[in-house]
Amino acid sequence: EASVIWQTTGKCPSVVKVDTPIGKTLYLDIIPREFGVCGVVKDAGDDPDVTNGSEIVTKVELFEEEGDISFFGGEGVGTITQEGLKIPPGQPAINPVPRQMAEKAIRKIIGNKKANVTVSIPGGKELAKKTFNPRLGIVGGISILGTSGVVEPMSTQAILDTIRVELRQQRALGREDVVISPGNYGLDFLKNTYHYDLDKSVKCSNFIGLTIDMAVEEGFKRLLLAGHIGKLIKVAGGIMNTHSREGDCRMELLTAFAVKCGVAAVDAAKLLSCVTTEEAVRILDECGRRQEVMDYAMERILFYLEKRAQGKLAIECIMYANDFGALAKSKEAEEWFTLLAQEAGQQI
């Protein structure tokens, strides 16, 4: 808007009024760059947003003839390369709501005339490396997101929305099988152990249960969960959100499984006082019961995973530890990778 006002009146406004989709009015300080080119500084408040303090620079090219308002990505704005997002591949990563807000502001000044809008974010290419963008197929910079016009605090819903987008991207590629893992370490385990293509995987954070629900909703037929024992042992107790504030009975579960498998009371007591699951696995290994306990834990994990899926999704699972590698796996987990390798013409 400031760019258009500058070009149509000859004077760059110092402040513009912005009416957001949620009814909140903002007054933004304008940084004049060159004639018709203006910037604003993003204020994320207390939100841990990597783009906080970044300048967003916009150039608007006006035409005399009537036509559309088109959007282009300048320096630091990414380009969509995959299906499944709200914007089609080849377009700059500027979401529909920011586009609509910009178009509304411009139209009230120029009416039905044609305009080209180029958005740039100096330093955006480096900032993008700290975001989900590379996994979402957004290359070359960050994305201009938003549904409300203001920064909202990082929330559970924001993470779930990202998981949903990644699942939809996999389905858009025609895939009916999906691999999920709580975090980067689990994905690295798959890559290093099974040479698995991480572009085919989805990071589900702590939301194992909700990710299974979404996988069912998106039409997947088969799901493989791979994760560290520190997360997955909680699933063996029916905990589907593995964040520590939601539930943490790792040692209690491991101890109970150990007792079930005949581990001596003295060793069970050691397990219960462990701080880390890696330490607990080491104790089980030393008393010769590691595999037996891990296999039983996997039975319980699969019980709750299958209960969550309600027969609508075939589920496999692999659990690992940093010091021991794969601890236990479902019967057909290995077959999963063999089949995928055959499809890709590779040999694993």
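Conventions adopted
Residues numbered from 1 in each chain as written. Predicted model: local features only at pLDDT ≥ 70, side-chain atom pairs only at ≥ 80, totals over all residues. Heavy atoms only, no water. Pairing = 2+ DSSP bridges. Helix = DSSP H or I, 4+ residues; strand = E, 2+ residues; numbered from the N terminus. Axes fitted to C-alpha atoms, helices over the stretch in contact; angles between N-to-C directions. Contact = heavy atoms within 4.5 Å. Expected span 1.5 Å × (residues − 1). Buried < 20%, exposed > 50% of the residue type's maximum accessible area, 1.4 Å probe, protein only. pLDDT = per-residue confidence, 0-100. Arc of directions from axis to C-beta.

Undergrad: Lay out the sheet that holds strand β11 (residues 201–203) in plain terms, naming residues and giving numbers.
TA: Across the sheet, which stays open at both edges, the 5 strands sit in the order β11-β10-β12-β13-β14 with mixed pairing between neighbours. What marks the edges here is a single partner per strand, and that holds for β11 and β14 (325–329). Each strand axis lies, on average, 25° off the axis of its neighbour in the sheet, ignoring direction. Where strand β12 (residues 222–228) meets strand β13 (residues 314–321), 7 bridges bridge the pair, whose relative direction is parallel. Paired with alanine 226 across the two strands is isoleucine 318, which belongs to β13. Relative to the sheet, helix α4 (residues 156–172) contacts β10 (177–181) and β11, its axis offset from that of β11 by approximately 175°.

Undergrad: I'd like a description of α4, backed by residues and values.
TA: Helix length check: α4, at 17 residues, gives a terminal C-alpha distance of 24 Å against a target of 24 Å (1.5 Å per residue), a fit within 8%. Burial in α4 covers these residues: Leu160, Thr162, Ile163, Arg164, Glu166, Leu167, Gln169 and Gln170. On its buried side, α4 packs onto β10, β11 and α6 (208–217). Backbone geometry just downstream of α4 places glycine 174 in the positive-phi region, at approximately 85°.

Undergrad: Lay out the confidence of the model for the chain in plain terms, naming residues and giving numbers.
TA: Mean pLDDT for the chain: 86, with 89% of residues reaching 70 or above. Every residue in residues 150–154 is under pLDDT 50, and counting partners more than four places away or in other chains gives 11 contacts.

Undergrad: Which residues make up the side chain of serine 143, and what are the values?
TA: The residue serine 143 is located in the loop between β9 (138–139) and α4 in this model. A relative accessible area of 14% means that serine 143 is categorised as buried. Filtering out sequence-adjacent residues up to four positions away, serine 143 remains in contact with Ala93, Asn133 and Ile138.

Undergrad: Provide a residue-level description of the pairing of strand β1 (residues 15–19), including the pertinent values.
TA: The side chains of a regular strand alternate, first on one face of the sheet and then on the other. Here β1 shows one buried face, formed by Val16 and Val18, and one open face, formed by Val15, Lys17 and Asp19. Here 5 bridges tie β1 to strand β2 (residues 25–29), and the two strands are oriented antiparallel to one another. From the neighbouring strand, valine 18 faces β2, where its bridge partner is leucine 26.

Undergrad: Got a sec to walk through the pairing of β10? Specific residues and values, please.
TA: Burial analysis of β10 places 4 of its 5 residues in the buried class, which makes it a mostly covered element. Two elements, β10 and β12, share 4 bridges in a ladder whose sense is parallel. The residue bridging aspartate 177 from the neighbouring strand is arginine 222, located in β12. Where β10 meets β11, 3 bridges bridge the pair, whose relative direction is parallel. Opposite serine 181, over in β11, you have lysine 203 as the bridge partner.

Undergrad: Can you explain helix α5 (residues 184–194)? Please cite residues and give values.
TA: Those residues of α5 not exposed but buried are Gly186, Leu187, Phe189, Leu190 and Tyr194. Buried residues in α5, looked at end-on, bunch into an arc of 155°, giving them a common side. In this structure, α5 carries Tyr185 and Asn192 as exposed residues pointing more than 90 degrees from its buried face. Histidine 195, located one to two residues past α5, shows a positive phi value of around 55°.

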